[in-house]
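Take a look at the letters that make up each chain.
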Amino acid sequence: MRPIPSVLGLRCLLCGRHFETDEVDYVCPDHYGAATLSVVYDYQYVAGSTSPDRLASDPDRSIWRYRPLLPVHPDADPPPLQVGGTPLLPAKVLEEEMGVRLWVKDEGRQPTASLKDRASALAVLKARERGAGIITAASTGNAGAALAALCAAAGIPSVIFVPATAPQPKVAQLLSFGATVLLVRGSYHQAFDLCLWASGEFGWYNRNTGYNPYMTEGKKTVSYEIWEQLGYRVPDVVVVSVGDGCIIGGVHKGFEDLRQLGWTDRVPRLIGAQAAGSAYLAQAWRRREDLTTKPPIRAETVADSISADLPRDRFKAMAAVTETGGAFVEVSDAQILNAIVTLGQRLGVFAEPAAAASLAGLIEARRQGLVERGERVVVISTGNGLKDIDAAMRAVDESGEGPLSVDPEIEALAEGLAGRFLGP
Ligand SMILES: *Cc1c(COP(=O)(O)O)cnc(C)c1O
Ligand SMILES: [Zn+2]
């Protein structure tokens, strides 16, 4: 295979073993069952190919503006959907309530409405490089939707395994994008294992999170964007919701790349927000448990995208928190649903439960004193509220913000509004 000029190989984070990129596709042979491989770059080569100045004058807003920092050939032809370039919104109204400087990175504005597009775009190029005819993934819904769309745009068939309980809008996306959809009567954990077996058996390219090492590389581009959007500066803290742990690991890698290049001298503290009912990593962090032996939990939360019995990217996720001096926090389903309403009412951002979990995580982190008054904080809203309408309706119902029903008459309207705007 043609070498990629910016990539030196892959390194196992657990045993330190080095691999050439054509030596392994997915996992370290000694550490099967978790994602432990990290792509190693030739930063000198990267520094010769791009710079903050060059980025500033590049009109391409997609993730491909960072091509020298991605494990792809300089001439690789990405699918035509625009992945990346999502807004970083100053959350002025929320800042006062929260007591911090606050920005929300709205990943609900990606082509398939979640951050997962960043990784799936890369999966398509890696699959093509490998000459794979079919790409597969197991997903709670968003990674699958992202892969299905990017495969559709590239003309490659996709096979997606999701738990049969996945929210309908996500399943509708999968089907609309023409994926072969397998509704697994079981958990995400089981769908994941089934997908692994199928890809091995049928020779399909596998995009699974926390298995395919390149997914971290796609997700890390969110950190480059945050740094650029803050004027080539990093914030003090980034809050990320955590299921498998791939996003937070990617966010870490992105900031580390910038540090290695000398484009920042520090890395933000990373705070992982987990649902209390799916808190494998938060528990392990608090109790200092060994990730190589801690058994799976039984995850149960309204935030389906961060429901994970055994976080597949647990090693990278734990490193992201410990190496940056960050923390994990747990948030209840009620706190998550509340945060959906807060993001909507104070910023106009519509978030699915897993996306709102990061704002809930910031509120919790402030309560625990993990984030100080006046610090500069970025909360990543990882997916759009349209992804899970049932949860959104539950959130507004529980906040008492339901609609008013009126008869189509002026008197009825005046009466209906009396309590709200017009006085008693
Ligand atoms: C996948 C996902 C997450 C969690 O990412 P992990 O890499 O599994 O930790 C959070 N929010 C949304 C919307 C997601 O789709
Ligand atoms: Zn290893």
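Here the structure is shown first, and the text comes after it.
In this text the structure is predicted, and so the values were computed from the model without any measurement. Position numbers for residues count from 1 along each chain, tracking the sequence in the order it is written. Written order decides the labels, with chains lettered from A and ligands numbered from 1. At least 70 in pLDDT is required for a residue's local features to be given in this predicted model, at least 80 for side-chain atom pairs to be given and counted, and no such filter applies to totals for whole chains, interfaces and linings, which use all residues. Here the side-chain values reflect all heavy atoms present in the structure, with hydrogen atoms and water set aside.

Draft legend 1. Just the overall build of the protein, in detail. Think of it this way: any DSSP run of H or I at least four residues long counts as a helix, any run of E at least two long counts as a strand, and we number them from the N terminus. In terms of helices and strands, the protein carries 16 helices and 13 strands. Here the globule rule is a power law, 2.2 Å times the number of residues to the power 0.38, and the radius of gyration is based on C-alpha atoms. In terms of C-alpha radius of gyration, the protein reaches 21 Å, essentially the compact-globule figure of 22 Å for 424 residues. Overall, the C-alpha framework of the protein stretches about 75 × 45 × 45 Å when taken along its three principal axes. Per-residue accessibility, obtained with a 1.4 Å probe over protein chains only, is compared with the maximum for each type, and a residue is labelled buried under 20%, exposed over 50%, and partly exposed between these values. Considering the protein as a whole, with its 424 residues, one finds that 59% of them fall into the buried category. Taking as baseline every contact in the protein between residues at least 6 positions apart, the subset at least 24 positions apart corresponds to 70%. Surface accessibility follows the Shrake-Rupley procedure with a 1.4 Å probe radius. Residue values consider only the protein chains on display as shielding. Roughly 17,100 Å² of accessible area belongs to the protein as shown, and the carbon and sulfur atoms make up 51% of that amount. Residue contacts follow a heavy-atom distance rule, with two residues in contact if any of their heavy atoms lie within 4.5 Å.

Draft legend 2. Up close: the sheet that holds strand β13 (residues 376-381). Whether two strands pair depends on DSSP finding at least two bridges between them. Strand order in the open sheet formed by six strands is β4-β5-β13-β10-β11-β12, with mixed pairing between adjacent strands. Either end of the sheet is taken by a strand with one partner, and the two such strands are β4 (88-90) and β12 (327-331). Taken over all neighbouring pairs, the strand axes of this sheet differ in orientation by 25° on average, direction set aside. Along the sheet face, helix α11 (residues 280-287) touches β11 (269-275) and β12 and points at about 130° away from the line of β12. Across the sheet, helix α12 (residues 314-323) lies against β11 and β12, angled at about 110° from β12, the strand it touches most. Working convention: axes come from line fits to C-alpha atoms, limited for helices to the stretch in contact. Angles between N-to-C directions cover 0 to 180 degrees.

Draft legend 3. Here's a closer look at the packing of helix α13 (residues 333-347) against helix α14 (residues 353-367). Where α13 contacts α14, the axes come no closer than 7 Å and their chain directions differ by 95°. In terms of their interaxial angle, α13 and α14 are classed as roughly perpendicular. Between α13, through Q335, I336, A339, I340, T342 and L343, and α14, the contact on the second element is made entirely by P353, A356, A357, L359, A360 and E364. Roughly parallel means an angle under 35 degrees; roughly antiparallel means over 145; roughly perpendicular covers 65 to 115; every other angle is labelled oblique.

Draft legend 4. Region of the structure containing the nonpolar core. Put simply, a nonpolar core is a bunch of buried Ala, Val, Leu, Ile, Met, Phe, Trp, Tyr and Cys residues held in one set by side-chain atoms that sit within 4.5 Å of each other. Grouped together as the largest cluster of nonpolar side chains are 57 residues, with contacts concentrated most on W64, V124, I135, L147 and F161. The biggest single contributor to this core is helix α4 (residues 117-129), with seven residues. Excluding residues that lie within four positions of it along the chain, F161 makes contacts with T136, A137, A138, S139, L182, V184, A191, L194, C195, A198 and W204. Counting 42 residues, the second-largest nonpolar core is a separate cluster that includes L55, L88, W263 and A284.

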